[in-house]
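Each chain, letter by letter, is given below.
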Amino acid sequence: MIPLVQKSYTMKNARNINLTIDEIISKINDFIAADPNGQFDIAIGTDSQNFSYTKIVTVIAVHNHGKGGIYFYNTEKIPLIRSIQQKLYKETELSLSLVESIFSAIPEKDNIKIQVHVDAGYYGKTKKLIPELTAWVKGCGYDVKVKPYSFAASSIANKYSK
């Protein structure tokens, strides 16, 4: 079982303002309510970079097709993870923990898709991990995207993990 994030968990928005998970859910629901005919993807993704520690960034991105979006991110430093496999497992675990924590607070509608974005791609060292990581996410009941379609992990989270 994946542990849920705590109510005290905070993330920052694009303006670097700290928000609680409840405030984030409220902002997401307001963003969706502002365009009842919009087509929304809610993507949760994580990326990490190694320094003398491992810096992990988890992102919630809400994209309204053709009309832009909003995002929130959390940065944390954990002890160094050297193995690429262990890093991707940790990233996926954090993404699943976050999606599980917000899923019930997001309205179920045909125009809203919730996805987990995994920072693995078909080219490079991570390609061999794609089958097991995507099976894990799908087994939890979520759509999954990998590079080059996993923008929450490979673009937004990557930006803040440097």
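Residues numbered from 1 in each chain as written. Predicted model: local features only at pLDDT ≥ 70, side-chain atom pairs only at ≥ 80, totals over all residues. Heavy atoms only, no water.

Student: Can you walk me through the packing of helix α2 (residues 84-103) against helix α3 (residues 130-139) in this structure?
Tutor: Working note: a packed helix pair is described by the angle between its axes plus the distance between those axes. Relative to each other, α2 and α3 sit at 15°, their axes nearing to 11 Å. One way to sum up the angle between α2 and α3 is to call them roughly parallel. Seen along the crossing, α2 lies across α3 with a hand that is right-handed. Listed contacts from α3 to Q85, L88, Y89, T92, E93 and L96 of α2 are E132, L133, W136 and V137. Of the residues assigned to the contact of α2 with α3, the class counts are six nonpolar, two polar and two charged. (Axes fitted to C-alpha atoms, helices over the stretch in contact; angles between N-to-C directions. Helix = DSSP H or I, 4+ residues; strand = E, 2+ residues; numbered from the N terminus. Parallel < 35°, antiparallel > 145°, perpendicular 65-115°, else oblique. Left-handed = near helix turned anticlockwise from the far one by under 90°. Contact = heavy atoms within 4.5 Å. Nonpolar A, V, L, I, M, F, W, Y, C, P; charged D, E, K, R; others polar.)

Student: Help me understand the side chain of Q115, please; the structure alone is not making it clear to me.
Tutor: As for its placement among the helices and strands, Q115 is situated in strand β6 (residues 112-121). A residue is classified by how much of its surface remains accessible, and Q115, at 6% relative accessible area, is buried. Polar contacts involving the side chain of Q115 include one to the side chain of H117, which spans 2.9 Å. Excluding its chain neighbours within four sequence positions, the residues that come into contact with Q115 are D41, I42, A43, I44, D143 and K145. (Buried < 20%, exposed > 50% of the residue type's maximum accessible area, 1.4 Å probe, protein only. Polar contact = N/O pair within 3.5 Å; in protein donor to acceptor, adjacent residues only side chain to side chain.)

Student: Honestly, the sheet that holds strand β7 (residues 143-147) in this entry has me stumped. Any pointers?
Tutor: The pairing of strands in a sheet comes from backbone hydrogen bonds and takes either a parallel or an antiparallel form. Reading across from one edge, β2-β1-β5-β4-β3-β6-β7 is the order of the seven strands in this open sheet, with mixed pairing throughout. Each edge of the sheet is formed by a strand with only one pairing partner; in this case those strands are β2 (18-20) and β7. Each adjacent strand pair in this sheet contributes to an overall mean axis angle of 30°, direction not counted. Bridge count for strand β1 (residues 10-13) against strand β5 (residues 68-78) is two bridges, and the pairing is antiparallel. Looking at the pairing, N13 lines up with F72 of β5. Contacts from α2 reach β1, β3 (40-50), β4 (54-64), β5 and β6, with the element oriented near 145° to β3. Those strands touched by helix α4 (residues 151-161) are β3, β4, β5, β6 and β7, and its axis lies near 45° from that of β3. (Pairing = 2+ DSSP bridges.)

Student: Teacher, can you tell me more about the nonpolar core here?
Tutor: Note that soluble globular proteins tend to have their nonpolar side chains buried in a common cluster. Counting residues in hydrophobic clusters, the biggest one holds 32 residues, and the most contacted among them are I28, I42, I44, I60, L98, I102 and V118. Apart from the residues within four sequence positions on either side, I42 is in contact with I28, I32, I60, A61, V62, I102, I106, I112, K113, I114 and Q115. A43, Y73, A152 and Y160 belong to the second-largest nonpolar core, a separate cluster that totals nine residues. (Core = buried A, V, L, I, M, F, W, Y, C linked by side-chain atoms within 4.5 Å.)

Student: Whenever I open this one, the side chain of T54 confuses me. Can you help?
Tutor: In this structure, T54 sits in strand β4. A polar atom in the side chain of T54 sits 2.7 Å from the backbone nitrogen of I81. Not counting residues up to four positions away in its chain, the partners in contact with T54 are S48, Q49, E76, K77, I78, P79, L80 and I81.

Student: Explain the pairing of β6 here, please?
Tutor: Each regular strand carries side chains that alternate between the two faces of the sheet. Counting buried positions along β6 gives nine out of 10 residues, so the element sits mostly inside the fold. As judged from the six bridges shared by β3 and β6, these two strands associate in the parallel manner. From the neighbouring strand, G45 faces β6, where its bridge partner is H117. As judged from the four bridges shared by β6 and β7, these two strands associate in the parallel manner. Across the sheet, H117 pairs through a bridge with K145, a residue of β7.

Student: When you look at the pairing of β3 in this model, what are you seeing that I'm missing?
Tutor: The buried count for β3 comes to nine of 11 residues, which makes it a mostly enclosed element. Sheet topology places β3 next to β4; 11 bridges connect them, and they run antiparallel. Bridged to F40 within β4 is N64. In textbook terms, the turn of a hairpin is the stretch between consecutive antiparallel strands, and for β3 and β4 this stretch comprises three residues.

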